[in-house]
Amino acid sequence: MTQTTQRDLVAEYFDGFRASDHPRILATLADDIEWVIHGHRTTRGKAEFDGEIENPAFTGSPELDVQRVYEDGRVVVAIGEGRGVSVDHGPFRFAFNDLFTFRGGLIARVDSYVVPLP
C-alpha cells in the first residue's frame, strides 16, 4: 500500500477544485482549516471553506494550471495560473501562489495570493 504524500494531497485538492467536487476537497482538509485569501477574506473550519468552493459570485469550475510545486517540511507551495468566470464581470485570468501548511497528514492552513492578469 502506498502512502499519500503532501504533494499528492495538494494535487487532489486542486483536482477537486477543477471539478467542484466538495467531498474530494474537504477530505484533504483538517477540521479546523483556515484559508486566508490575502487582501480579500479568511474562512475558518470546513463548513465555511465548503461555502467558498462554489462561491456564488462565480460560475462553473475554475481552470487551474499548477506550474511549479515546492515542498519544505510541513509546507507545500503551488504556483500557477487560472481562469474563471465572474457572475458580474465575465471571464477572467489570474496568477496564484498557494502555501499549504500541513498538520497530522492534512491541510491545516492555506495562504492564497491571487493576482489578476490581463
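A short tour of the structure in this document, coming up. The shown structure was predicted, so the numbers you read here are calculated from the model rather than taken from an experiment.

Observations regarding the overall build of the chain
When you go through the chain residue by residue, the secondary structure sums to 3 helices and 6 strands. For the chain, the α and β elements follow one another from N to C terminus as α-α-β-β-α-β-β-β-β. In terms of overall size, the chain behaves like a compact globule, its C-alpha atoms giving a radius of gyration of 14 Å where 118 residues would be expected to give roughly 13 Å. Structurally, the chain occupies a C-alpha span of about 45 × 30 × 30 Å along its principal axes. Classification of the 118 residues of the chain by burial places 38% in the buried group. Here the analysis covers contacts within the chain between residues at least 6 apart in sequence; of these, 45% occur between residues at least 24 apart. Taken as two groups, the 12 positive and 19 negative side-chain charges of the chain have centres that lie 4 Å from each other.

Overview of the packing of aromatic side chains
One pass over the structure, following the stated rule, counts 12 aromatic pairs. Pairing Tyr13 with Phe17 gives two aromatic rings, centres 5.1 Å apart and planes at 55°, and the pair type is tilted. Linking Tyr13 with Phe17, this pair stays in helix α1 (residues 6-18), spanning 4 residues, or about one helical turn. For Tyr13, a relative accessible area of 2% gives the class buried.

A short note on the environment of Asp50
Its place among the elements puts Asp50 in helix α3 (residues 45-53). By relative accessible area, which is 28% here, Asp50 ends up partly exposed. Separated by 32 residues in the primary sequence, Asp50 and Gly82 have C-alpha atoms spaced 20 Å apart. Residues within four places of Asp50 in sequence aside, it is in contact with His22 and Leu26.

Quick look at the pattern of salt bridges
All told, the structure shown has 11 salt bridges when counted by the stated rule. Between Arg109 and Glu34 there is a salt bridge, with the nearest N and O atoms lying 2.6 Å from each other. In this pair, Arg109 is assigned in strand β6 (residues 106-117) and Glu34 in strand β1 (residues 29-37), connecting sequence segments 75 residues apart. One salt bridge connects Glu81 with Arg93, and the closest N-O pair in it is separated by 3.4 Å. Of this pair, Glu81 sits in strand β4 (residues 75-86) while Arg93 is found in strand β5 (residues 90-103), placing the two residues 12 residues apart along the sequence. Among the charged side chains, a salt-bridge network with shared partners connects Glu12, Asp15, Arg18 and Arg24.

Section: the sheet that holds strand β3 (residues 58-72)
The strand order β2-β1-β6-β5-β4-β3 describes an open sheet built from 6 strands, whose pairing is mixed. Because the sheet does not close on itself, it has two edges, and the strands there are β2 (41-44) and β3. Sheet twist, expressed as the average angle between the axes of neighbouring strands with direction ignored, equals 20°. Note: β5 against β6, 11 bridges, orientation antiparallel. Counted as the bridge partner of Phe102 is Ile107 from β6. Those strands touched by α1 are β1, β3, β4, β5 and β6, and its axis lies near 165° from that of β3. Against the sheet, α3 touches β1 and β2, its axis set at about 50° to β1.

Conventions we followed
- Residues numbered from 1 in each chain as written.
- Predicted model: local features only at pLDDT ≥ 70, side-chain atom pairs only at ≥ 80, totals over all residues.
- Heavy atoms only, no water.
- Helix = DSSP H or I, 4+ residues; strand = E, 2+ residues; numbered from the N terminus.
- Rg over C-alpha atoms; globule rule 2.2 N^0.38 Å.
- Buried < 20%, exposed > 50% of the residue type's maximum accessible area, 1.4 Å probe, protein only.
- Contact = heavy atoms within 4.5 Å.
- Lys, Arg positive; Asp, Glu negative; His and termini not counted.
- Charge placed at Lys NZ, Arg CZ, Asp CG, Glu CD.
- Phe/Tyr/Trp six-rings, centres within 6.5 Å; stacked < 30°, edge-to-face > 60°.
- Salt bridge = Lys/Arg side-chain N within 4 Å of Asp/Glu carboxyl O.
- Pairing = 2+ DSSP bridges.
- Axes fitted to C-alpha atoms, helices over the stretch in contact; angles between N-to-C directions.

From the geometry alone we can't say anything about function, so treat these as descriptive.
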